[in-house]
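Residue-level listing of the chains:
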Amino acid sequence: MKARGLTQQNLLAAAKTYVPTGGRDEFTAFASGGQSGQIIVYGIPSMRIMKYIGVFTPEPWQGYGFDEESKKVLRQGNIDGKEINWGDTHHPALSETNGDYDGQFLFINDKANPRLAVIDLRDFETKQIVVNPLYKSEHGGAFVTPNTDYVIEASQYPAPYSKKFVPLERFNEEYRGGVTYWKFDRKSGKIDPKQSFTVELPPYSQDLSDAGKLVSDGWSFTNSFCTERYVGGIEKGRPPYEAGCSAKDTDYLHMINWKKAAELVKQGKAKKINGMDVIMMDTAVKEGILFLIPEPKSPHGVDVTPDGKLITVAGKLDSHVSVYSFDKIMAQIKAGKFESKDPYGIPVLSMKDSLHTQVALGLGPLHTQYDSKPCIAYTSLYVDSQVAKWNYCEGKVLDKLNIHYNIGHLMTMEGDTEHPKGHYLVALNKLAIDRFIPVGPLHPQNHQLIDISEDKMQLLYDMPLPLGEPHYVVAIKSTTLKPGIRYKVGTDSRTDEPSKGATRAGEERVVRKGKSVEVFGTEIRSHITPETIEAEVGDEVTIHLTNLERAEDETHGFTVDTYNVHASVEPGKTVTVKFKADREGVFPFYCTEFCSALHLEMEGYLLVKPKGYKEVKTVEAKAVYTKADYDKQVKTNVDTQAVIDSVVGYITSVNYKDFPPVVALVDDATDQLNRAKEAKAKMEDAAKKSDWQNATLWAGQWWQYQVKAADIGLRAKTYLEEHGAKKAGK
Ligand code: RUQ
Ligand code: CUA
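Residues numbered from 1 in each chain as written. Chains lettered and ligands numbered in written order. Predicted model: local features only at pLDDT ≥ 70, side-chain atom pairs only at ≥ 80, totals over all residues. Heavy atoms only, no water.

Chemist: Would you take a moment to explain the sheet that holds strand β20 (residues 299-304) for this structure?
Modeler: Through backbone hydrogen bonds, the strands of a sheet pair up, either in parallel or in antiparallel fashion. Strand order across the open sheet formed by 4 strands is β20-β21-β22-β25, with antiparallel pairing between neighbours. Strand pairing shows two members of the sheet lacking a second neighbour, β20 and β25 (355-360), which therefore form its edges. Sheet twist, expressed as the average angle between the axes of neighbouring strands with direction ignored, equals 20 degrees. Inspection of the sheet shows β20 paired to strand β21 (residues 310-315) by 4 bridges, in the antiparallel sense. Bridging from a neighbouring strand, V302 pairs with V313 of β21. With respect to the sheet, helix α7 (residues 326-335) is in contact with β21, β22 (320-325) and β25, its orientation differing from that of β22 by roughly 55 degrees. (Pairing = 2+ DSSP bridges. Helix = DSSP H or I, 4+ residues; strand = E, 2+ residues; numbered from the N terminus. Axes fitted to C-alpha atoms, helices over the stretch in contact; angles between N-to-C directions. Contact = heavy atoms within 4.5 Å.)

Here is the structure:
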């Protein structure tokens, strides 16, 4: 403590966040990567980053955007044919079953280009991107309904639904907002655009949304920040947007009965616009599915309480949070008691009659999350740079904690579900200022971990995030996640279907048809088959690679010099890379993951010959190995076999079959040893002919397989020892 200049408080905080080697974090967080267009996965409380998931942006490590399967997903995000290679991700949402996280799927929106992505948590890969055909930007997504029937996405900056130019003078008449309900089909793991629909809304600059739960299930809530419908234009002498959009004291909370809306669509009461079913405002009003409630002032977050009874709204320019009562709202709707109508004829409820309470929290309240303890909520105070803990039932402030600095969202564990888990809170701060080692004018983002298990909140840890602005993050109990560790051999991981390029051991081949060269290859420690690929300038080269490994974490990579392709080939996966061999030359290809002792030897050549190239006779390589070399190698192999036998002896002496990761390792080791047999047979053949050159090389290959088998075997042995394997039959 002294040597490092730490306080006792520091040590306690360290003890609360420390996860020892091999340990697991209790919660797994999925953070929006902001302008990076990715998702960042990290553990809580250690705040160790586990993974980036490529979503709207190419991510080379995963081959995302560099292999054909993932390019197909990325290109689903083209807007009217325009290729987009980034996204401004804001709100990740985990799939729910009965209002609680089920650990199956993750959704995230792109504010800049109105898109939504689906990530499958069986492999943490992006499987689908859908483009909203009506909006030009969106912010109020992704939020799921309690059984993930729909993923909610609200527009942000109003724009005409059409793709045509419409002058700003027609803002009130032709610019529109909306809320889209994307239908999610859990079986296929995909959004079904045909079953999705939108409710047309006035051009009020809709903002965040949330789905009702329990008593309020079937409804969704979306706020807005510019019901002034102000159109700026400082260059024309008009006051700017920020002044015009905050002129009024209140904006509108939109309430939509989405269950009834879905029925209206089924009854044919929607209008098709750009291929999407849209419930127009007049229909929504006539059918009684759309209502407005005033909310103060320039509101931002809207968050439904775990019991679904209350809705918390925070206004950036108001020092209060406003808590609305769903019961009180429903009573007015039932009684047909409305205060007024907005310019589009939508009924407006009384704010006073809808409020449960208002609590003065501090300056710039933005977002609210809930605790596992009843009635406890936490709200971010952007201007004050604080987290406020308060009681929403009784309307009183309980505690405040300074954070660093200018907090936007905050997040408690499973804090937007019906059963928040309490314990920790993460503050997502807009500024870091002086918290970290200076790394230039662009500072890291700062996620701060806060202990909320006691009455007083305690700041535990600062985590710098080296990507875009963190908007929202969600955290789930780690044990709810059940990701796989390998694919069924030959799987296209983006579609989860068998790949057309799937290739089994021994069936590797190159198929040439005119200008096309199609390679069906495999990867397994430590070689790529085939090792030489020949093409002619102008050929279209397609390379499918199947990773034949079954052992955990035995990923291989693949790249070809100059041709801008890269694949990450996890066990069982089949990946395809494609390029035009548009220049002659010699292009090494290799595995990019350090996968074994002979990883560097996991290599080969793409040879691109000029057109009409004439073969020159190749000269036979001169023999360099003698019988003595051969005998020496064979002795090494026999000694190695003794090591393998002892490891096998240990593994089979214990209950290894009770450990699935070990069973997979044993399968792989057996594979390698079977291949060793083939190499040994070839060796013996050559030896019979006294071809000591080839006999020595095949003996070496036999040894390579042995080494790999031994390597796997030793890993299995370590695993068994560390996981308390017992003598078999005991
Ligand atoms: S935002 S700081 Cu959710 Cu995009 Cu509030
Ligand atoms: Cu496979 Cu390196």
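Chemist: What am I meant to see in the packing of helix α10 (residues 660-688) against helix α11 (residues 692-722) here?
Modeler: Geometrically, a packed helix pair is captured by the angle between its two axes and the distance between the axes. One can describe the packing of α10 onto α11 by two numbers: an axis separation of 8 Å at closest approach and a directional angle of 165 degrees. One finds that α10 runs roughly antiparallel with respect to α11. The two elements α10 and α11 meet at a crossing, and its hand is left-handed. The class makeup of the residues in the contact of α10 with α11 is 21 nonpolar, 3 polar and 6 charged. (Parallel < 35°, antiparallel > 145°, perpendicular 65-115°, else oblique. Left-handed = near helix turned anticlockwise from the far one by under 90°. Nonpolar A, V, L, I, M, F, W, Y, C, P; charged D, E, K, R; others polar.)

Chemist: So what exactly am I meant to see when it comes to the sheet that holds strand β46 (residues 603-609) here?
Modeler: Taken together, the 5 strands give an open sheet; going across it, the order is β40-β46-β45-β42-β43, and neighbouring strands pair in mixed fashion. At either margin of the open sheet sits one strand with a lone partner, and together these are β40 (532-536) and β43 (565-569). Going across the sheet, the axis of each strand differs from the next one's by a mean of 15 degrees, ignoring polarity. The pairing of strand β42 (residues 556-560) with strand β45 (residues 585-590) spans 2 bridges and is antiparallel. Residue pairing across strands places T559 opposite Y590, the latter belonging to β45.

Chemist: What am I meant to see in the site of ligand 1 here?
Modeler: The environment of ligand 1 is formed by H90, H91, H139, L208, H300, L366, H367, G408, H409, K430 and H471. Every element with two or more residues in the shell around ligand 1 is listed here: β26 (365-370) and β30 (407-413). Residues of the shell around ligand 1, tallied by class, amount to 2 nonpolar, 8 polar and 1 charged. (Near = heavy atom within 4 Å.)

Chemist: Whenever I open this one, the nonpolar core confuses me. Can you help?
Modeler: What tends to happen in soluble globular proteins is that the nonpolar side chains get buried as a cluster. Membership of the largest hydrophobic core comes to 46 residues, with the highest contact counts inside it found for Y181, F197, V199, F221, M255, I279 and Y324. Looking at this core element by element, the count peaks at 5 residues for helix α5 (residues 258-266). Residue contacts for V199: discarding those within four places in its chain leaves Y161, G178, V179, Y181, I256, A261, I279 and A284. Judged by nonpolar contacts, the second largest core, of 26 residues, contains I528, V560, V565 and A581. (Core = buried A, V, L, I, M, F, W, Y, C linked by side-chain atoms within 4.5 Å. Buried < 20%, exposed > 50% of the residue type's maximum accessible area, 1.4 Å probe, protein only.)

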